[in-house]
Every structure is written in structure tokens, then in C-alpha cells.
Amino acid sequence: MADPTFIAMMVVTVGSAIVALEAKEIVYGAIGLAGSLFGVATLFFLLDAPYVAVFQIAVYIGAVAVLILFTVMLVRQERWAKELPTNALSKFAGIATGLAVTIALAFAVLDTGLFSITQTNPADFVKIGELISTGYAPVLEVLALILAASVVGALTLSRVDKEEKK
Amino acid sequence: MNSLADFVLVSAMLFGIGIYGLATKRNALRLLFAVEIMINAANLNFVAFGQFLPFAQAAQPSALGQTFVLFSIALAAAEAAVILAIVVVAYRLHQDVDVSELKSMQG
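Throughout, residues of each chain are indexed from 1 in the direction in which the sequence is written. Chain letters start at A and ligand numbers start at 1, both assigned in the order the entries are written. Only residues with pLDDT of 70 or above have their local features reported here, since the model is predicted, and side-chain atom pairs are shown and tallied only from 80 upward, although totals for entire chains, interfaces and linings are computed over all residues. For side-chain calculations, the full set of non-hydrogen atoms in the structure is used, while hydrogens and water are omitted.

**Here we look at unusual backbone geometry**
We count it as follows: Segments assigned H or I by DSSP are reported as helices when at least four residues long, segments assigned E as strands when at least two residues long, and all are numbered from the N terminus.
Even without being a glycine, Asp48 of chain A presents a positive backbone phi close to 60°. If you trace the backbone, Asp48 of chain A turns up in the loop between helix 2 (26-46) and helix 3 (50-74).

If you want it as C-alpha cells, here you go:
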């Protein structure tokens, strides 16, 4: 049976994910997203993966969530904050699809012996560092290039030309 | 004691919520939220399967799962930055964040 801590963090994670999508104001939605990301980080802690958990908090909550909040608040417009209406049919179809996928995945999980697997074998930081800096070093370098390219691309996209401004 | 299935079930729930958001929302920022939630569901699965024993024996794949999640988080950050820039540009061009109104590239 799952720990109380796990159940609490599961409720926080799934609940704030729903808040992120359903909150009336998009700012509250962004805060809900940050809560959900934090919940996933605590689940990483429960999985004995503290390094990934701290990385998740630093990058997701420290960078992505703050980036979204700043974008929403700096470009403060009525239409951003307002929830766009969805018609009842597409909402029903969306809920049905989401539920169907969740239930199908849940049945697939219940069908296997995953509930009997409780023993963990946590990895140490040294092993992660070794993997990143030896075998997967090319991946790391490509990732660095992608990050640099995406930041430059984002800056170029969102630059306002002087002629455009007036 | 938590079992592997608990984490996989949470991941399935997050994935379902993400699919619901992608299917119904029209605000571009909500779509970004939905994508981020789905990426987190995938990351959670990666770490969970990497940490539990029968999967974690040969050559310490536990570290391998965590390594891939580190890469995935960095990629998701880059993706979020680009999406936000595109949303800002689309808003400047169309005065709207409703994705069903952005039809200028529709064939």
C-alpha cells in the first residue's frame, strides 16, 4: 500500500494539473502548473532521485514557470486572461478521450505485476555524472547547442523592429 | 511502501489530463500547460521504471533513466521558451491567442 506522503503528493500533483487547465484566470493557471511541477519534483524525491528532483525544481519552477508568469504579466491583455469558451461537445469529447486514455493505461498497469515491485535500487550522483560526461557527452553538447539556438531563436522572434514599433 | 504501479498510475492520470487539455483548450498558453504536464508524466515514468529493482540491475539503468530525464527537462525548457516567443509574435500579428483563429498557414 502507498504511503500517506505519496497519496498527499499525488493529490497535489493531479489537483494542480487540473487547476492549471481549468482556472479562470491564466495567471492562476500558471501558478497551478508550478504546483503540479513541484508535486512531480516531490514524487522524484520519494523515488530516491533527489538530483533529478532538485534539477526539476531549479529548471521547471525556477525558469519555465517564472518565464510563463512573466510573459503573462508583461503582455497583460484582456484576451490573455480571459478563458476562451469551448463548446459543450468538444469539451465532452476531450474529457471522454482523457478519461479513456487514463483508464486504458490504468487497466494495462493493473494487469501486470507492477504492484509487487517495491524494492528500489537508487543510483548515486557519481554514476549520473559519469554517464553525462562520458558515454552521453555528445548528447549533452547537442543539447547545449539546442538550448543556445532556441534562446537565440526566441529572442529573434520576439524582437520589435524600430519601423514596426511606430 | 510505494510500489512501481503507484507512480505509473499517477503518470497515467497526468497524461490523461494533458490529453484533455490539448483536445479542448483554445488558448495557446493552456496548450503549453497541457504539453508540459504530459512531458512531466513521461519523465515520471522514466525515473520510476529506472529506480525499481528488476529493471535497475544490469549496468545501473537507474542512473540511465535519471540521465535521460535530465536531458528531457533541459529540452522542455528550450521548447517552452520557443513556444512563448511564438505565442507573443502570433498575438502581435493577430491580436489573439485563440489557436483556432490562427489560420494563415492553413492549406
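**Some points on the interface of chain A and chain B**
Size of an interface, as often reported, equals the accessible area lost when the parts are brought together. Basically, it comes down to this: In what follows, a contact means two residues having at least one pair of non-hydrogen atoms within 4.5 Å. Two parts placed together each lose some accessible area under a 1.4 Å probe, and adding up what both lose gives the buried area. By salt bridge we mean one thing: a side-chain nitrogen of Lys or Arg within 4 Å of a carboxyl oxygen of Asp or Glu. We call two N or O atoms a polar contact when they sit within 3.5 Å, provided that within protein one can donate a hydrogen and the other can accept it, with sequence-adjacent residues counted only if both atoms are side-chain atoms. Three residue categories are used. Nonpolar comprises Ala, Val, Leu, Ile, Met, Phe, Trp, Tyr, Cys and Pro, charged comprises Asp, Glu, Lys and Arg, and polar comprises the others, including Gly.
With 86 residues of chain A at the interface, the matching set in chain B holds 76 residues. Of the roughly 7,300 Å² buried at the junction of chain A and chain B (both faces included), carbon and sulfur atoms supply 75%. A salt bridge links Glu22 of chain A to Lys25 of chain B; its shortest N-O distance comes to 3.2 Å. Here chain A is connected to chain B by 10 residue pairs in polar contact (both at pLDDT 80 or more). Only helix 1 (4-22), helix 2, helix 3, helix 4 (78-81), helix 5 (88-110), helix 6 (125-133) and helix 7 (137-158) of chain A provide two or more residues apiece to the side of chain A that touches chain B. Classifying every residue of the side of chain A that touches chain B by side-chain character gives 56 nonpolar, 18 polar and 12 charged.

**Re the pattern of salt bridges**
Any two side chains of opposite charge can pair, given that their charged atoms come close. Operational definition: Exposure classes here rest on a 1.4 Å probe applied to the protein chains alone. A residue is buried below 20% of its type maximum, exposed above 50%, and partly exposed in between.
Per the counting criterion, the structure on display carries two salt bridges over all chains. Measuring nitrogen to oxygen at the nearest pair gives 3.7 Å for the salt bridge that ties Glu22 of chain A to Lys91 of chain A. In this pair, Glu22 of chain A is assigned in helix 1 and Lys91 of chain A in helix 5, connecting sequence segments 69 residues apart. Residue Glu22 of chain A is classed as partly exposed on the basis of its relative accessible area, which comes to 30%. One salt-bridge network, held together by shared partners, links Glu22 and Lys91 of chain A together with Lys25 of chain B.

**Side note on the domain arrangement of chain A**
Residue and element names in this part refer to chain A. Here is the rule: Residue ranges for the domains originate in an automatic or database domain assignment.
According to the domain assignment, chain A contains domain 1 (4-122) and domain 2 (123-166). Contact with domain 1, which involves four residues of that partner, is made by four residues of domain 2. Of the roughly 310 Å² buried between domain 1 and domain 2, counting both surfaces, carbon and sulfur atoms make up 75%. The largest share of the area that domain 1 buries against domain 2 comes from Pro50, Tyr51 and Pro122, three residues that together contribute 90% of it.

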